Amino acid sequence: MSIYDSLHKAFGPRHWWPGETPFEVAIGAILTQNTAWTNVEKAINRLKEHNLLTAEHIRDIDTNLLAEMIRSSGYYNQKAKKLKAFIDFLFSRYEGSMEKMAETEMWALRHELLQINGIGMETADSIILYACYKPIFVVDAYTRRFLIRHNLIKEDNPSDISYTHIQKLFMNNLPPDITIYNEYHALIVQLGKELCSKRDPDCSPCPLINLLTLS
Ligand code: SF4
């Protein structure tokens, strides 16, 4: 919580996830794999302009045409298939309803989402937290990076740097509070983008510098 408090004080609330509806959030979580959010925004706006951002429309549109619509998000052929796979699941299991999907118990839903082709742990957890409002912690490369730099996990220990271990590290040390989980992940992304970059971390203005001297 002290890391959270320091980041929150420095960066303020992040107002995540950018999306008007749970469905839009889920689509964004799939499209943002391996690309910058600005590219996802363009793809989502294009879908909106063509009135395609509904489960029914994405189910019914030709996969090649869908790929064309989301071209700006990169890997668009693969991502069109992933979107279709998610929508197939949503209809076969929940009649196309995000609300019905969100009624499922959190870990059971996670298990279901991970069976879908193209949905990994980070995407599944983003959908569960930001579209279904359940308290699960989302782990990404920024999270792993700052934990390694602060000696909270060991880079050379595969089990230490695993997604599941890092997720437990947070969830075992935080209250199961959706607002905190929501903000925490968003704050870590801000930290990674603004200060804790891959090559050249800018530690002197960083709110976590005291933690660095302790570690
Ligand atoms: S103090 Fe440095 S290493 Fe630690 S999170 Fe900030 S920028 Fe990264």
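Please read all numbers here as calculations on a predicted model, not as lab measurements.

### As for the pattern of salt bridges
Consideration 1: Applying the stated rule across the entire model yields seven salt bridges.
Consideration 2: Its salt-bridge partner being Lys48, residue Glu20 comes within 3.5 Å of it at the nearest N-O pair. Taken as a pair, Glu20 in the loop between α1 (2-11) and α2 (22-31) and Lys48 in helix α3 (residues 37-49) lie far apart in primary sequence, 28 residues in all.
Consideration 3: For Glu20, a relative accessible area of 66% translates into the label exposed.
Consideration 4: Measuring nitrogen to oxygen at the nearest pair gives 2.8 Å for the salt bridge that ties Glu112 to Arg93. In this pair, Glu112 is assigned in helix α8 (residues 106-114) and Arg93 in helix α6 (residues 76-94), connecting sequence segments 19 residues apart.
Consideration 5: Residue Glu112 is classed as buried on the basis of its relative accessible area of 15%.
Consideration 6: For Arg93, a relative accessible area of 44% corresponds to the partly exposed category.
Consideration 7: A cluster of three or more residues bridged by salt bridges with shared partners is formed by Glu20, Glu24 and Lys48.

### Things to note about the environment of Ile148
Consideration 1: Mapping Ile148 onto the fold places it in helix α10 (residues 141-149).
Consideration 2: Measuring from C-alpha to C-alpha, the distance between Ile148 and Ile44 comes to 34 Å, with 104 residues separating the pair along the chain.
Consideration 3: Residues contacting Ile148, with those up to four places away along its chain left out, are Ile153, Glu155 and Ile161.

### Focus: the side chain of Asp125
Consideration 1: Tracing the chain through its elements places Asp125 in helix α9 (residues 121-131).
Consideration 2: Of the polar contacts made by the side chain of Asp125, one reaches the side chain of Arg110; its length is 2.7 Å.
Consideration 3: Those residues within four positions of Asp125 in sequence are excluded, and the remaining contacts are Arg110, Ile136, Phe137, Val138, Tyr163 and Gln167.

### Regarding the domain arrangement of the protein
Consideration 1: When its domains are assigned, the protein resolves into domain 1 (2-14 + 138-214) and domain 2 (22-131).
Consideration 2: Summarising the inter-unit geometry, the C-alpha centres of domain 1 and domain 2 are found 26 Å apart.
Consideration 3: Contacts between domain 1 and domain 2 engage 12 residues on the former and nine residues on the latter.
Consideration 4: Run the count over domain 1 and domain 2 and you get zero salt bridges.
Consideration 5: Counting across the domain 1 and domain 2 interface gives four residue pairs in polar contact (both at pLDDT 80 or more).
Consideration 6: For the side of domain 1 that touches domain 2, the elements supplying multiple residues, two or more each, are α11 (163-171) and α12 (178-194).
Consideration 7: Considering every element that reaches the side of domain 1 that touches domain 2, the biggest residue donor is α12, with five residues.

### Digging into the packing of α10 against α12
Consideration 1: Viewed as axis vectors pointing N to C, α10 and α12 meet at an angle of 70 degrees, and their least axial separation amounts to 9 Å. Relative to α12, the element α10 lies roughly perpendicular. Listed contacts from α12 to Tyr142, Thr143, Arg145 and Phe146 of α10 are Ile188, Val189, Leu191, Gly192 and Lys193.
Consideration 2: When grouped by side-chain class, the residues that make up the contact of α10 with α12 number five nonpolar, two polar and two charged.

What counts, and where the lines are drawn
The numbering scheme is per chain: residues are counted from 1 as the chain's sequence reads. At least 70 in pLDDT is required for a residue's local features to be given in this predicted model, at least 80 for side-chain atom pairs to be given and counted, and no such filter applies to totals for whole chains, interfaces and linings, which use all residues. Each side-chain value is worked out from all heavy atoms of the structure, with water and hydrogens disregarded. Put simply, a salt bridge is a Lys or Arg side-chain nitrogen that is within 4 Å of an Asp or Glu carboxyl oxygen. Numbering of helices and strands starts at the N terminus; helices are DSSP runs of H or I of at least 4 residues and strands are runs of E of at least 2. We call a residue buried when its accessible area falls under 20% of the maximum for its residue type, exposed when it is over 50%, and partly exposed in between, using a 1.4 Å probe and counting protein chains only. Contact between two residues is taken to exist if any of their heavy atoms lie within 4.5 Å; hydrogens are not considered. Side-chain atoms alone can form a polar contact between residues adjacent in sequence; in general such a contact is a pair of N or O atoms within 3.5 Å, and within protein one must be able to donate a hydrogen while the other accepts it. An automatic or database domain assignment supplies the start and end points of every domain. Lines fitted to C-alpha atoms define the axes, with helix axes restricted to the stretch in contact, and inter-axis angles between N-to-C directions lie between 0 and 180 degrees. What sets the label is the angle itself: under 35 degrees gives roughly parallel, over 145 gives roughly antiparallel, 65 to 115 gives roughly perpendicular, and the rest give oblique. Any residue outside Ala, Val, Leu, Ile, Met, Phe, Trp, Tyr, Cys, Pro, Asp, Glu, Lys and Arg is labelled polar, Gly included; the first ten of those are nonpolar and the last four are charged.

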